[in-house]
Amino acid sequence: MKLLYPAQRYQCIQCGKSCGEWRIWVEPELIPRLRQHPLALRLEVAGHPYLSRDEESGWSFLEYDSQRRCLFLQDEHLCGLHASSGWLSKPRACRQFPFFLVETPEGVQVGLSFRCSAVQQDLGVDWAEHQADLNQLIESGCYLRIGFEPAQFGLDSLPWSDYQDWERSWRLSLSERSLEQIFYRHLNPILPAPEFTRLLQGWTLSACQLLQIQLPAAQPQVHPHSRRYFEHVLERKYLWLGGDLLGRMALMLVGERLLWGALGAGRSWSEAFDLVEGQWLGHREDLGPIQAGLAQTLLQFQR
Ligand code: SF4
């Protein structure tokens, strides 16, 4: 399968962030091997349960120590499983992070999570160095297929080739204009700009309430970091990953305002990326109803 590499770079810098902040699902087929691993046996003897089971879902997750560090993490944030038994001995969730993979008519698009410290800093190696790991992930998993049928875009359907032309021009425009300015003409040909802005302000306020955060209202700006982030969100085909493209464009616009609101509140770029990527655009999976509501609102203005 042909791999489509992004402009964004990545190489793990062993910051340890993904080895403690999030729940790590352990696939059932790995559990017997994990139980036999010397490090797991050592933890068991020491009385540290390293796996927990969610009774409702039946899924198993890695446990953490009192500082919320994975129990297999060793000095200098080195994964003990990886160091002693290789990459394949880690749970799939650990091997997959920070990659997002999606199959398109041109090949498998490689995307990256901006929660990863290396990705946030654009630190990376030649993509050829990741090829073997990516091939293994692709051959052993199943991924969303997009672009083989037209997508819903409001009242229209959007063929893949038209979308690609749009994406290319949007990504080029991001060095000069905010996402809001770029998307405006696609979303609301009849809605005056000030009303569109008010609509986005209201949506962003509701998003802050949902996320239980307080952020100042902030106008999106053009900046190399925001350009790099939103260009990558487009490149990893976020708009195609479920439902109406119109609603997902609206979610991206709210994400842009959340990013600038977080920066306006004094958060660093890294913290702002963590917020938007972790809680809105990258790792949140329950925004479908909100996405549908935003698409409906925009459609009212287009009729
Ligand atoms: S967040 Fe990124 S850089 Fe840090 S340990 Fe995880 S994969 Fe490596």
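Because the structure is a prediction, the values reported are computed rather than measured.

A.B. asks: Please clarify how the environment of Tyr10 should be interpreted in this entry.
C.D. replies: For Tyr10, the location among the structural elements is in the loop between β1 (3–4) and β2 (25–26). As for Tyr10 and Leu112, which are separated by 102 residues in sequence, their C-alpha atoms are 8.0 Å apart. Dropping the residues within four chain positions of it, Tyr10 is found in contact with Phe97, Pro98, Phe99, Leu112, Cys116, Ala118, Val119, Leu123, Gly124, Val125 and His130.

A.B. asks: What's the story with helix α9 (residues 193–211) in this structure? I'm lost.
C.D. replies: With 19 residues, α9 ought to run about 27 Å at 1.5 Å a step, and its terminal C-alpha atoms sit 27 Å apart, in line with that. Considered for burial, the residues of α9 that qualify are Phe196, Leu199, Leu200, Trp203, Thr204, Ala207, Cys208 and Leu211.

A.B. asks: In this structure, what is going on with the packing of aromatic side chains? I would like to understand it.
C.D. replies: Two aromatic rings are characterised by how far apart their centres lie and by the angle between their planes. Summed over all chains, the structure comprises 20 aromatic pairs. The interplanar angle of 70° and the centroid separation of 5.1 Å between the aromatic rings of Phe114 and Phe273 together place this pair among those described as edge-to-face. Of this pair, Phe114 sits in the loop between β8 (107–112) and α5 (117–120) while Phe273 sits in helix α12 (residues 269–281), and the two are 159 residues apart along the sequence. Residue classification places Phe273 among the buried residues on the basis of a relative accessible area of 2%. One cation-aromatic arrangement involves Arg23 over Phe61; the distance from NZ or CZ to the ring centre is 3.9 Å. One cation-aromatic arrangement involves Arg95 over Trp87; the distance from NZ or CZ to the ring centre is 5.3 Å.

A.B. asks: Can you help me understand the packing of helix α7 (residues 160–173) against helix α8 (residues 179–187) in this one?
C.D. replies: Pairs of packed helices are described in terms of their axes, by the angle between the two and the distance that separates them. Contact pair α7 / α8: the axes reach a minimum separation of 9 Å and the direction vectors enclose 145°. Across from Trp166, Trp170 and Ser173 in α7, the residues of α8 making contact are Ile182, Phe183 and His186. By residue class, the composition of the contact of α7 with α8 is four nonpolar, two polar and no charged.

A.B. asks: Any chance you could explain the environment of Ala250 here in plain terms?
C.D. replies: Within the secondary structure layout, Ala250 lies in helix α11 (residues 245–264). Once the C-alpha coordinates of Ala250 and Glu103 are considered, the two residues, 147 residues apart in sequence, prove to be 24 Å apart. Ala250 has contacts with Trp203, Leu294 and Leu298, leaving out every residue within four places of it along the chain.

The rules behind these values
- Residues numbered from 1 in each chain as written.
- Predicted model: local features only at pLDDT ≥ 70, side-chain atom pairs only at ≥ 80, totals over all residues.
- Heavy atoms only, no water.
- Helix = DSSP H or I, 4+ residues; strand = E, 2+ residues; numbered from the N terminus.
- Contact = heavy atoms within 4.5 Å.
- Expected span 1.5 Å × (residues − 1).
- Buried < 20%, exposed > 50% of the residue type's maximum accessible area, 1.4 Å probe, protein only.
- Phe/Tyr/Trp six-rings, centres within 6.5 Å; stacked < 30°, edge-to-face > 60°.
- Lys NZ or Arg CZ within 6 Å of the ring centre and 35° of its normal.
- Axes fitted to C-alpha atoms, helices over the stretch in contact; angles between N-to-C directions.
- Nonpolar A, V, L, I, M, F, W, Y, C, P; charged D, E, K, R; others polar.

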